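What follows is each chain in one-letter form.
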Amino acid sequence: MPETLASGLRSAGWLAGLPALALIWASATLYAAPRIAEGLEAEGAAVTSGTATATGEPWLRLEASGRDLVAAGEAPDVAERATVLSRLAALDGPRRIVSEVGIVETAAPFQWAAIRTGPNRIALEGSRPVEIGRRALEARIAGALHPGTGLDDTARAARGAPPDFASAAAFLAARLSGLAKGGRAALSDTVLSLSGEALDVPAYEALRAALSDPPEGFSIGRIEILPPKVAAYRFAVEKSGRGVVLDGFTPSAADREAALRAATEAAAGGAVEDRLLAARGLDPAIDPKGLIAFAFKLAELIQSGRVVFQDGAVSVTGDAIDGQALPDAEALMRDGRPAGVAAGPVALTARPLSPYRVAIRRTADSVLLTGHLPDTATRERVLAALRPRLFREPVIDRTRLADGAPPDLGDALAAAAPLVANLADGTVTVSDRALTLTGESLYREGAARTPDRLAEALPTGWTGQATVTARDAAERRDPATCRADFTAALAGTDLRFPAGGVVLTPAFYPTLDALAALAKTCPSLRIAVSGPADPAKPTPTPAAGPAATGEGAPAAAPTQIASAAKTETPKAETPKAETPKAETPKGDTPKGDTPKGDTPKGDTPKTRGKPDHTKTEGGKAEAAKKDARKEPAAHGKASAKKPAEAPEEPPPDLQRLRAQAVVEYLLQAGARPEQVTAGPDGPAGPVVFALLP
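None of these values were measured; they are calculated from a predicted model.

Digging into the overall build of the protein
Then, in step 1: A count of helices and strands for the protein gives 19 helices and 27 strands.
Then, in step 2: Residue pairs in contact within the protein that sit at least 24 positions apart in sequence constitute 71% of those at least 6 positions apart.
Then, in step 3: As presented, the protein carries roughly 36,100 Å² of accessible surface, and 56% of it is formed by carbon and sulfur atoms.

Side note on the state of the cysteines
Then, in step 1: Going through the model one piece at a time under the given rule, you end up with one disulfide.
Then, in step 2: The disulfide partner of Cys482 is Cys522, and the S-S distance across this bridge is 2.0 Å. Classification of the bridge connecting Cys482 and Cys522 rests on its S-S torsion, roughly -95 degrees, and on that basis the disulfide is left-handed. Of this pair, Cys482 sits in helix α13 (residues 479-490) while Cys522 sits in the loop between α14 (509-521) and β25 (527-530), and the two are 40 residues apart along the sequence.
Then, in step 3: Looking at Cys482, the relative accessible area reads 1%, which means it is buried.
Then, in step 4: Residue Cys522 is classed as buried on the basis of its relative accessible area, which comes to 0%.

Examining the layout of surface pockets
Then, in step 1: In this structure, the largest pocket occupies an estimated 1,500 Å³ of space.
Then, in step 2: Lining the largest pocket are 39 residues, with Lys239, Glu265, Ala266, Ala268 and Glu300 positioned closest to its centre.
Then, in step 3: Every element with two or more residues in the lining of the largest pocket is listed here: β12 (234-240), β13 (243-250), α7 (253-267), α8 (288-299), β15 (302-310), β18 (357-362), β19 (367-373) and β22 (425-431).
Then, in step 4: Its residues placed into classes, the lining of the largest pocket shows 18 nonpolar, 12 polar and nine charged.

What to know about the confidence of the model for the protein
Then, in step 1: Here the protein averages 80 in pLDDT, while 77% of its residues score no lower than 70.
Then, in step 2: Segment residues 544-644: pLDDT under 50, and 119 contacts once partners within four positions in sequence are set aside and those in other chains are kept.

Digging into the pairing of strand β14 (residues 271-278)
Then, in step 1: For β13 and β14, the ladder comprises eight bridges, and the chain directions are parallel. Residue pairing for β14: Asp247 is matched across the bridge by Arg275.
Then, in step 2: Taken together, β13, α7 and β14 form a β-α-β motif whose crossover is right-handed.

Some details on the sheet that holds strand β26 (residues 676-678)
Then, in step 1: Spatially, β26-β25-β27 is the arrangement adopted by the three strands of the open sheet, whose pairing is mixed. Of all strands in the sheet, those bounded by a partner on one side alone are β26 and β27 (688-691). Strand after strand, the sheet turns through a mean of 25 degrees between neighbouring axes, direction not considered.
Then, in step 2: As judged from the three bridges shared by β25 and β26, these two strands associate in the parallel manner. Looking at the pairing, Ile527 lines up with Val676 of β26.
Then, in step 3: Along the sheet face, α13 touches β25 and β27 and points at about 170 degrees away from the line of β27.

Here we look at the packing of aromatic side chains
Aromatic rings in a pair are described by how distant their centres are and how their planes are angled relative to each other.
Then, in step 1: The tally for this structure, following the rule as stated, stands at six aromatic pairs.
Then, in step 2: Arranged with centres 5.6 Å apart and planes meeting at 75 degrees, the rings of Phe110 and Phe165 form a pair that is edge-to-face. Residue Phe110 is found in the loop between β4 (105-106) and β5 (111-118), and its partner Phe165 is found in helix α5 (residues 165-175); the two are separated by 55 residues along the sequence.
Then, in step 3: Residues Tyr233 and Phe249 carry aromatic rings whose centres are separated by 6.0 Å and whose planes lie at 40 degrees to one another, so their mutual orientation is tilted. Here Phe249 lies in strand β13 and Tyr233 lies in the loop between β11 (219-226) and β12, a separation of 16 residues in the sequence. Across the pair, Phe249 and Tyr233 agree in class, each one buried.
Then, in step 4: An aromatic cluster of three or more residues is present, and its members are Phe110, Trp112 and Phe165.

Some remarks on α14
Then, in step 1: Helix length check: α14, at 13 residues, gives a terminal C-alpha distance of 19 Å against a target of 18 Å (1.5 Å per residue), a fit within 8%.
Then, in step 2: Residues of α14 that are buried: Tyr509, Thr511, Leu512, Leu515, Ala516, Leu518, Ala519, Lys520 and Thr521.
Then, in step 3: Those residues of α14 hidden inside the fold are in contact with α13, α19 (654-668) and β27.

Observations concerning the pattern of salt bridges
Then, in step 1: Under the criterion given, the structure shown has 30 salt bridges.
Then, in step 2: A salt bridge links Asp255 to Lys289; its shortest N-O distance comes to 2.7 Å. Placement of Asp255 in helix α7 and of Lys289 in helix α8 is noted, with a sequence separation of 34 residues between them.
Then, in step 3: With a relative accessible area of 4%, Asp255 lands in the buried category.
Then, in step 4: Measuring nitrogen to oxygen at the nearest pair gives 3.2 Å for the salt bridge that ties Glu393 to Arg362. A residue pair is termed long-range when its members are at least 10 positions apart, and Glu393 in the loop between α10 (376-386) and β20 (395-397) and Arg362 in strand β18 qualify at 31 residues. Per residue, the accessibility class of Glu393 equals that of Arg362, and both read buried.
Then, in step 5: Taken together, the salt bridges that share partners define one network made up of Glu205, Arg208, Arg256 and Asp274.

As for the nonpolar core
Then, in step 1: Membership of the largest hydrophobic core comes to 36 residues, with the highest contact counts inside it found for Phe235, Val237, Leu246, Phe296, Val307, Phe309 and Val314.
Then, in step 2: If one sorts the elements of this core by residue count, α8 sits on top with seven residues.
Then, in step 3: Excluding residues that lie within four positions of it along the chain, Val237 makes contacts with Val244, Val245, Leu246, Ala295, Phe296, Ala299, Gly305, Arg306 and Val307.
Then, in step 4: Counting 33 residues, the second largest nonpolar core, distinct from the first, contains Ile360, Leu390, Leu409 and Leu435.

A short note on α5
Then, in step 1: By the criterion of burial, α5 is predominantly enclosed, with 11 of the 11 residues buried.
Then, in step 2: Those residues of α5 lying buried are Phe165, Ala166, Ser167, Ala168, Ala169, Ala170, Phe171, Leu172, Ala173, Ala174 and Arg175.

Quick word on the packing of α10 against helix α11 (residues 409-421)
Then, in step 1: With their axes 8 Å apart at the nearest point, α10 and α11 run at an angle of 25 degrees to one another. Here α10 lies roughly parallel to α11, going by the angle between them. Read as a crossing pair, α10 and α11 show a hand that is right-handed. Along the contact surface, α10 presents Thr378, Arg381, Val382, Ala385 and Leu386, while α11 presents Gly410, Asp411, Leu413, Ala414, Ala417, Pro418 and Ala421.
Then, in step 2: Looking at side-chain class alone, the contact of α10 with α11 contains eight nonpolar, two polar and two charged residues.

Quick look at the sheet that holds strand β16 (residues 313-320)
Then, in step 1: The strand order across the open sheet formed by six strands is β14-β13-β12-β15-β16-β17, and the pairing between neighbours is mixed. The open sheet has two edge strands with one neighbour each: β14 and β17 (342-350). Going from strand to strand, the sheet's axes swing by 5 degrees on average, the running direction of each strand aside.
Then, in step 2: The pairing of β12 with β13 spans six bridges and is antiparallel. Note that in β13 the partner of Phe235 across the bridge is Gly248.

Focus: a negative patch on the surface
Then, in step 1: A surface patch of like charges, here negative, comprises Glu38, Glu41, Glu63 and Glu100.
Then, in step 2: Note on placement: Glu100 falls in strand β3 (residues 96-103).
Then, in step 3: Take Glu100: its relative accessible area is 48%, and that puts it in the partly exposed class.

The rules behind each value
Residue positions within a chain follow its written sequence, with the count starting from 1. Per-residue local features are limited, in this predicted model, to residues with pLDDT of at least 70; the limit for side-chain atom pairs, both in listing and counting, is 80 or more; totals at the level of whole chains, interfaces and linings are taken over all residues. Only heavy atoms go into the side-chain values, all of them from the structure, while hydrogens and water stay out. Only DSSP runs of H or I covering at least 4 residues are called helices, and only runs of E covering at least 2 are called strands; the numbering of each starts at the N terminus. Should any heavy atoms of two residues lie within 4.5 Å, those residues are counted as being in contact. The method behind every accessible area is Shrake-Rupley, applied with a 1.4 Å probe, and residues are considered shielded solely by the protein chains displayed. Only a pair of cysteine sulfur atoms within 2.5 Å counts as a disulfide in this structure description. Partly exposed describes any residue whose relative accessible area lies between the buried limit of under 20% and the exposed limit of over 50%, with all areas from a 1.4 Å probe on protein chains only and scaled to the type maximum. Cavity: a set of points on a 1 Å grid over the protein atoms alone where a 1.4 Å probe fits but cannot get out. Pocket: an open set with protein on both sides within 12 Å along at least five of seven lines, its lining residues, like those of a cavity, having an atom within 4 Å of a point. Grid points are joined across faces, edges and corners, and a volume is the space filled by probe spheres set on the points. Under this grouping Gly is polar, as are all residues other than the nonpolar Ala, Val, Leu, Ile, Met, Phe, Trp, Tyr, Cys and Pro and the charged Asp, Glu, Lys and Arg. The quantity known as pLDDT measures the predictor's confidence residue by residue, on a range of 0 to 100. Whether two strands pair comes down to DSSP finding at least two bridges between them. Note on handedness: a clockwise path from strand one over the helix to strand two, with the strands aimed away from the viewer, defines a right-handed crossover. To obtain an axis, a line is fitted to C-alpha atoms, over the contacting stretch when the element is a helix, and the angle between two such axes runs from 0 to 180 degrees between their N-to-C directions. Pairing of aromatic side chains requires ring centres within 6.5 Å, counting the rings of Phe and Tyr and the six-membered ring of Trp. Pairs whose planes differ by under 30 degrees are stacked, by over 60 edge-to-face, and all others tilted. Expected span of a helix, by definition, is 1.5 Å for each gap between consecutive residues, and there is one gap fewer than residues. What counts as a salt bridge is simple: a side-chain nitrogen of Lys or Arg found within 4 Å of a carboxyl oxygen of Asp or Glu. Take the buried residues of types Ala, Val, Leu, Ile, Met, Phe, Trp, Tyr and Cys, join any two whose side-chain atoms come within 4.5 Å, and each joined set is a nonpolar core. Put simply, angles under 35 degrees are roughly parallel, angles over 145 are roughly antiparallel, angles from 65 to 115 are roughly perpendicular, and the rest are oblique. Handedness of a crossing is defined here by the sense of rotation of the near helix relative to the far one, left-handed for an anticlockwise turn of less than a right angle and right-handed for a clockwise turn. Patches were defined on residues exceeding 30% relative accessible area and lacking a salt bridge, with like-charge contacts within 9 Å and nonpolar side-chain contacts (Val, Leu, Ile, Met, Phe, Trp, Tyr) within 5 Å. Neither His nor the chain ends contribute to the count of charged residues, in which Lys and Arg are positive and Asp and Glu negative. Where a charge lies is defined by one atom per residue type: Lys uses NZ, Arg uses CZ, Asp uses CG and Glu uses CD.

As structure tokens, this is what we get:
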């Protein structure tokens, strides 16, 4: 040994042997530790086997940690746990016994979860059924996972598990195969939940499909699965004569549903093909529902073609619905784009419309016009044909102007408009020179006459088809129930006419509609309607003093003034009382071919009003009043002030006219003539309804 090395070793002394000693100790530990652990576990194996349960598996689990022995599991009761721990303490090998032994308890709610902690690792936690052995349950779960996936099971045995727990646990574990790290599948009693991020688009679609069919006896609860993120996000709407095709991605199921609703409306009865997949990747600055709505606004302007969002921009190509659609698309692309969306190319071609289509849709709430018309004159003509037959319902006009219409389209629509307006619900559709009318009428007679009326009204060269059914009430009630329902329908009502008026106000409609509906289901019901009078008016007090007449003479009463004017100008009375309008006989009002039962209730105030003989009597009084107002001042009294005009007096048969207005409404709404009649005149106040025997 060289002198230098020897001198160095002498200087270091015993420290020089420490590395070698550490190496020897480490080698011994690595070699001996497994043997020690095996020995400790083998020594405790006899104790473990003595804890076997009805499942065939022992509840006690032992694991060596150095020279310590860790005991885990769930003992059936406290006494058995104490017995087992004392037996373990009696062993010679372990340095100490570390007890993690619990007691089997009842879990309420019974909760269990499987969590993906890595690509090939699943952690189990919560409670597992005491009736199922730990190894048996792990084997069932492992069979639902990809091969090579390990389990870290810390679930504790407990009572209270739902039936067929093992099937539900395997079902949930299998769903984790499609989720990334952090995915969680959980059970709470019989409710299954799932959360996490899907690995890819196919995995997301597979999860959606699987969750639609849970194990029998279990239901799906909270589902929070994030779609996968894609690099090239796109959304497309393809429109053709067959319908609408949706393609691309949506960020969520709610966005997908919004796109499907819009596609169904855009298809207008055509097919909707859904090729959408759920995926993330849309710029967070873009609202997905706003993007979908914008795409369908553009799609409304094309007969056939595509609207595509890709690479952050929207483009539209195809055949425009009309020439007006080209500037509309440019304006929409310029001014209507959602935030974050860029404008792409607009490549539309305007072609002649073929077929030329227009539709009128009648519902209880409104009348909707859609399609195309040749010009504003035709549009106004159609609207003019509809509006007189409607009262409360608004007319919503969504038509567009385009060339290519049949030359007599206006005649056909003007003829069909009253027919569809008279229906309770219906649609007129025009395709070139073919017109179809479908719907429901409140009255059987009206439904039966509609096809003939349509055939008579259409211009020459048009083909028409009408399919109208009657909405007759099938229900029939017994008389006692009818009377009780009649009382209930009128409870709390207070139907009053405006002073001097005979026209129904909207406040009447709900009550009268209810009575008419009741009459249709109660054939034996007989209703008498008494029209009310107006409250008595206070007697006007004449103005006192010379200022009342300007001449110092006492002021004459208004009726006396009207009467004096009538005496001084006798010739003016006759022509005013015999005005042709006032002499129009009752019943001569033109009504076309519409039967009484086929006219909508909204026509009542407009087509009937006062019967014509009242116009004659009222016309005489009105003529006298007007003559009095128009009588020139006497010579030398030009500066005299005119006396106050006499207030217009209501017609003498006001109560009967009001009763008739109510009766007519009920007849229009479906009551039969023998069910409704005008009763005796009523006092001032609300309309009075009475049941007749």
